[in-house]
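Each chain is listed here by its residues.
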Amino acid sequence: MKKTIPLLLALTFILFTHCKTKPAAPTGLVSDHAMVVSAREEASRIGSEIMQKGGNAFDAMVGTQLALAVAYPIAGNIGGGGFMVYRKSNGDVGALDYREKAPKAATKNMYLDTLGNVIPGKSTLGANAIGVPGSVAGILAVHQKFGALPLSEIMAPVIRLAEKGVVVTERQAHNLKYFQKVIVQENGDSTLFAKTFHKGDTIKYPVLAKTLRNISENGRDGFYTGETARKLAAFIQGKGGLVTEEDLEAYEAVWRQPIIFNYRDIRIISMSPPSSGGVTMEQILRMMEPFAVGGLGHNTEKYIQLFSEAAKRAYADRNYFLGDPDFVSIPLDVMLSKAYLDKRMENFTFDHATPESEISHGDIQISESTETTHYSIVDAQGNAVAVTTTINGAYGSKVYCDELGFFLNNEMDDFSAKPGVPNMFGLVGAQANSIAPQKRMLSSMTPTIVEKEGQLWMVVGTPGGSTIITAVAQAILNAYEFNMSMQQAVNAPRFHHQGTPDELILEPEGFSPELIRKLTGKGYDIQEKNNTIIGKVDAIRILPDGRLEGGADKRGDDAAVGY
């Protein structure tokens, strides 16, 4: 029987939607004209300074992406890929897919043994896990279409950063030490990262500077053909990987139509497949929309239940239906219809958790690396860019090309190596996301732009593997339904449910024992893991007076820089 909204909640909903609430006062960095929020201050500063010199948000995107490859090699990259969603100052919107692709020699069963079982580690570690990188093609496509400054001028400060070096933070020192053994295992003890780096040390990247200079001078031919391509393909194949010069030369970024939908009176523009982010977030929010979300209270028992149950249903659909739209037919018109979403929530009740067996499309799981990175940019003209980029796992495949100066992705793990078997993030995929030559693997990356009353209001995104979608949705709801400032919305404790595994993950120390007891009593399997970080959201909110408030996630070294 379809559940109706209790009268009290309905009245609360009317009250909330018809009374104008004064916007939350900013608590994050505020700037007058332009801003970049990213995982490292060095990258945010380079992006901001590019705009201050007359560049636009798209120029800043190029500089920030490359600066993160220098300052934040755990996820920033030129050896990976990503997605960009943009909104120009005139309201035009679009998206760019520069996701990695499977090499031409890839096969559906390449990670299975003779008995048809997944070979542990083969799709996550080493050269066989590497997909064809798309990041350089992505930034060059953006610059060609929208750039205002010469590429050489944009890249000059990034090259200087690589040559001068980057000061190691405490978090970076910890990460490098944690992964040092496996990096040496894959690259030998003469690799750059065989050395132990401590907080306060400076790491210089002269080889990466040379590679970047080649791109600056030769554009696409500085990476996808010529000397760099020959060296890269030979290096990968020498370590047992499949990427060839032909794969590199054939790679192209693709402009796509973003997912656009309304939630109450805001308009959300997010990434379309092969990202699952926009579709899954639309399903979650629209399944929640009939309820008085704001009236439930932030991170209350009922709010967490409603969000989690909508997420469980959306992730089940994500895992079953979604893949590379160039290879599979995705029934978006059905998945996003009101009739379908209403039907999905028919068996929802606040009384208890809905058993997974009553939701799922079969025993499918998903698992994606959490080591991705996101940056948000708004320029003085009002152009906005949301970009999420990754090499998948921390330091990707752990394969570092010392001759070219960068880590390579392990993005092949984001395919379904075997339908029904979870990847490194516990995500389970179906046939729609099976491996095929030249195919793009499914992703949870969710770069998002939000309009309010027809105007740019928020730019938001996060890393976090399969938790990306729920973290972005919660940041939007925090600001919209619960009237938080941008920094408050980013700081607030987060939770996550993806259906399979059937567990509700709570950020440690963010939720009271009493709340946990109540949710457990409703049948939720609560996981509060010490190493759990559900995203590192970097976002920008446009204030009523036109100034910009940054939300830089306290969970990392993230920083907002503006002018």
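As the structure is a prediction and not an experimental result, all values here were calculated from the model. (Residues numbered from 1 in each chain as written. Predicted model: local features only at pLDDT ≥ 70, side-chain atom pairs only at ≥ 80, totals over all residues. Heavy atoms only, no water.)

Draft legend 1. The overall build of the protein, seen in detail. Looking only at helices and strands, one finds 17 helices and 21 strands in the protein. Expected size for 563 residues packed as a compact globule is a radius of gyration near 24 Å; at 22 Å, the protein falls within 12% of this value. Dimensions of the protein along its principal axes, counting C-alpha atoms only, are 70 × 60 × 40 Å. Relative to its full complement of 563 residues, the protein shows a buried share of 63%. Summarising the internal contacts of the protein: among those between residues at least 6 apart in sequence, 74% fall at separations of at least 24. Of the roughly 20,100 Å² of accessible surface on the protein, a fraction of 51% belongs to carbon and sulfur atoms. Of the side-chain charges in the protein, 55 are positive and 62 negative, and the distance between the mean point of each set is 2 Å. (Helix = DSSP H or I, 4+ residues; strand = E, 2+ residues; numbered from the N terminus. Rg over C-alpha atoms; globule rule 2.2 N^0.38 Å. Buried < 20%, exposed > 50% of the residue type's maximum accessible area, 1.4 Å probe, protein only. Contact = heavy atoms within 4.5 Å. Areas by Shrake-Rupley, 256 points an atom, 1.4 Å probe, with all protein chains shown as cover. Lys, Arg positive; Asp, Glu negative; His and termini not counted. Charge placed at Lys NZ, Arg CZ, Asp CG, Glu CD.)

Draft legend 2. Representation of the nonpolar core. Met 281, Ile 284, Met 288, Tyr 303, Leu 306 and Phe 307 are the most contacted members of the largest nonpolar core, which has 88 residues in total. Leaving out residues up to four positions away in the same chain, Ile 284 has contacts with Phe 307, Ala 310, Ala 311, Ala 314, Tyr 315 and Ile 469. Ranked by size, the runner-up nonpolar core spans 83 residues in total, among them Val 36, Ala 39, Met 84 and Ile 391. (Core = buried A, V, L, I, M, F, W, Y, C linked by side-chain atoms within 4.5 Å.)

Draft legend 3. Quick peek at the packing of helix H10 (residues 277-288) against helix H15 (residues 468-480). The interhelical angle for the contact between H10 and H15, taken along N-to-C directions, is 50 degrees, at an axis separation of 10 Å. As far as their axial angle goes, H15 and H10 are oblique. Crossing handedness for the pair H10 and H15: right-handed. Contacts from Gly 277, Thr 280, Met 281, Ile 284, Leu 285 and Met 288 of H10 reach H15 at Ile 469, Val 472, Ala 473, Ile 476 and Leu 477. (Axes fitted to C-alpha atoms, helices over the stretch in contact; angles between N-to-C directions. Parallel < 35°, antiparallel > 145°, perpendicular 65-115°, else oblique. Left-handed = near helix turned anticlockwise from the far one by under 90°.)

Draft legend 4. Here's a closer look at the sheet that holds strand S9 (residues 266-270). The strand order S1-S20-S19-S15-S14-S9-S8 describes an open sheet built from seven strands, whose pairing is antiparallel. Of all the strands in the sheet, just strand S1 (30-31) and strand S8 (259-263) have a single pairing partner and so form its edges. Here strand S14 (residues 448-452) pairs with strand S15 (residues 455-460) via five bridges, running antiparallel. If you follow Thr 448 over to S15, its bridge partner there is Val 460. Packing against the sheet, H10 makes contact with S8, S9 and S14, and its axis sits at approximately 15 degrees to S8. Against the sheet, H15 contacts S8, S9, S14 and S15, and its axis sits at roughly 135 degrees relative to S15. (Pairing = 2+ DSSP bridges.)

Draft legend 5. A look at unusual backbone geometry. Between Pro 273 and the following residue, Pro 274, the backbone shows a cis peptide bond with an omega angle of 20 degrees. Within the secondary structure, Pro 274 sits in the loop between S9 and H10. Residues Thr 500 and Pro 501 are joined by a peptide bond in cis, for which omega reads 0 degrees. Mapped onto the secondary structure, Pro 501 falls in the loop between strand S16 (495-496) and strand S17 (504-506). We note that Lys 398 has phi near 75 degrees; this positive angle belongs to a residue other than glycine. Along the polypeptide, Lys 398 turns up in the loop between strand S11 (384-390) and strand S12 (400-401). Judged by its relative accessible area of 10%, Lys 398 is buried.

Draft legend 6. Seen up close, the packing of aromatic side chains. Scanning all chains against the criterion turns up 27 aromatic pairs. A centroid spacing of 6.4 Å and a plane angle of 45 degrees characterise the contact between Phe 193 and Tyr 205, whose relative ring orientation is tilted. Of the two residues, Phe 193 sits in the loop between helix H6 (170-187) and strand S6 (202-203) while Tyr 205 sits in the loop between S6 and helix H7 (206-218), which places them twelve residues apart along the sequence. Each member of the pair, Phe 193 as well as Tyr 205, carries the same accessibility label: buried. Ring pairing ties together the aromatic residues Tyr 178, Phe 179, Phe 193, Phe 197, Tyr 205, Tyr 395, Tyr 400 and Phe 407, which thus form one cluster. Its guanidinium or amino end placed over the ring of Phe 350, Lys 302 lies 5.2 Å from that ring's centre, counting from NZ or CZ. Taking NZ or CZ as reference, Lys 452 lies 4.6 Å from the ring centre of Trp 457, over its face. (Phe/Tyr/Trp six-rings, centres within 6.5 Å; stacked < 30°, edge-to-face > 60°. Lys NZ or Arg CZ within 6 Å of the ring centre and 35° of its normal.)

Draft legend 7. Focus on the pairing of strand S19 (residues 538-542). When you tally the buried positions in S19, you get five out of five residues, the bulk of the element. Residues of S19 alternate between two faces, with Asp 538, Ile 540 and Ile 542 on one and Ala 539 and Arg 541 on the opposite face, all of them buried. Pairing geometry for S15 and S19, over two bridges, is antiparallel. The residue of S19 that forms the bridge with Met 458 is Arg 541. As judged from the five bridges shared by S19 and strand S20 (residues 548-552), these two strands associate in the antiparallel manner. Pairing of Ile 542 across the sheet is with Leu 548, part of S20. Hairpin connection from S19 to S20: five residues lie between these consecutive antiparallel strands, with Gly 546 at a positive phi of about 90 degrees.

Draft legend 8. How the structure looks around the UniProt feature "binding site: L-glutamate" (unreviewed entry) in the protein. Within the UniProt annotation, "binding site: L-glutamate" (unreviewed entry) is assigned to Arg 99, Thr 390, Ile 391, Asn 392, Asp 414, Ser 443, Ser 444 and Gly 465. With residues up to four places along the chain from it excluded, the contact list for Thr 390 reads Ala 75, Asn 77, Gly 80, Gly 81, Arg 99, Glu 100, Glu 371, Thr 372, Glu 411 and Met 445. Counting through the fold element by element, Ser 443 comes out in the loop between strand S13 (406-407) and S14. In contact with Ser 443, other than residues within four places in its own chain, are Phe 83, Arg 99, Pro 274, Ser 275, Ser 276, Gly 277, Arg 318 and Glu 368. (UniProt positions renumbered as here; feature names shortened; annotations may be inferred.)

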